[in-house]
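# Observations on the model geometry
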Amino acid sequence: SSGPCKLRVGGLHLGLSEEDVRAVFEPFGELDFISMNKEDVAAGAFASAFVQYKETAHAMLALSQLNGLELVGIPIRVSIASQGAQAAASTMAAPVESLGELDEGGQGLKLDSRSRAALMAR
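Summarised in this report is the structure supplied together with it. Remember, predicted model here, so these are calculated numbers, not experimental data.

### Considerations on the overall build of the protein
If you tally the helices and strands in the protein, you get three helices and nine strands. Counting from the amino terminus, helix and strand elements in the protein follow one another as β-α-β-β-α-β-β-β-β-β-β-α. Per-residue burial over the protein gives 42% buried out of 122 residues. Expressed as a percentage of contacts within the protein between residues at least 6 apart in sequence, the contacts between residues at least 24 apart total 68%. For the protein, the exposed area adds up to about 6,400 Å²; of that, 50% sits on carbon and sulfur atoms.

Laid out in structure tokens, this is it:
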């Protein structure tokens with residue numbers, strides 16, 4: 001099916017920015033928007049985000065490749081947020097190697113060439 005599809009992303013490190021999330025998800029297809037939620041998070045909790053792709057096929061590819069991926073040492077959880085495409089995806093990707101580390105200087109997620117290649121290979 002085509003048309004927009006929204007993914008819910010959980011388990012995000014509180015230090016990640018919207019730009020960091022965009023850098024991970026955008027290689028899979030054109031995005032409509034990213035909406036991050038860091039409000040009302042208790043100490044030790046995680047941020048979450050909604051990532052909407054313009055095309056369902058791109059969202060399905062991102063879901064299959066990114067669910068379980070470690071960002072800053074924490075495996076992220078990616079699932080379908082919109083009801084329409086729920087039946088199209090019952091995909092669970094196995095956790096893979098860690099991707100990058102958080103730059104404490106406020107520059108966001110640091111991806112070296114190996115991490116970038118690993119992400120693009122997914």
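### So, helix α1 (residues 18-25)
Residues of α1 that are buried include every one of D20, V21, V24 and F25, and no others. End-on, the buried residues of α1 take up no more than an arc of 125°, which puts them together on one face.

The rules we used
- Residues numbered from 1 in each chain as written.
- Predicted model: local features only at pLDDT ≥ 70, side-chain atom pairs only at ≥ 80, totals over all residues.
- Heavy atoms only, no water.
- Helix = DSSP H or I, 4+ residues; strand = E, 2+ residues; numbered from the N terminus.
- Buried < 20%, exposed > 50% of the residue type's maximum accessible area, 1.4 Å probe, protein only.
- Contact = heavy atoms within 4.5 Å.
- Areas by Shrake-Rupley, 256 points an atom, 1.4 Å probe, with all protein chains shown as cover.
- Arc of directions from axis to C-beta.

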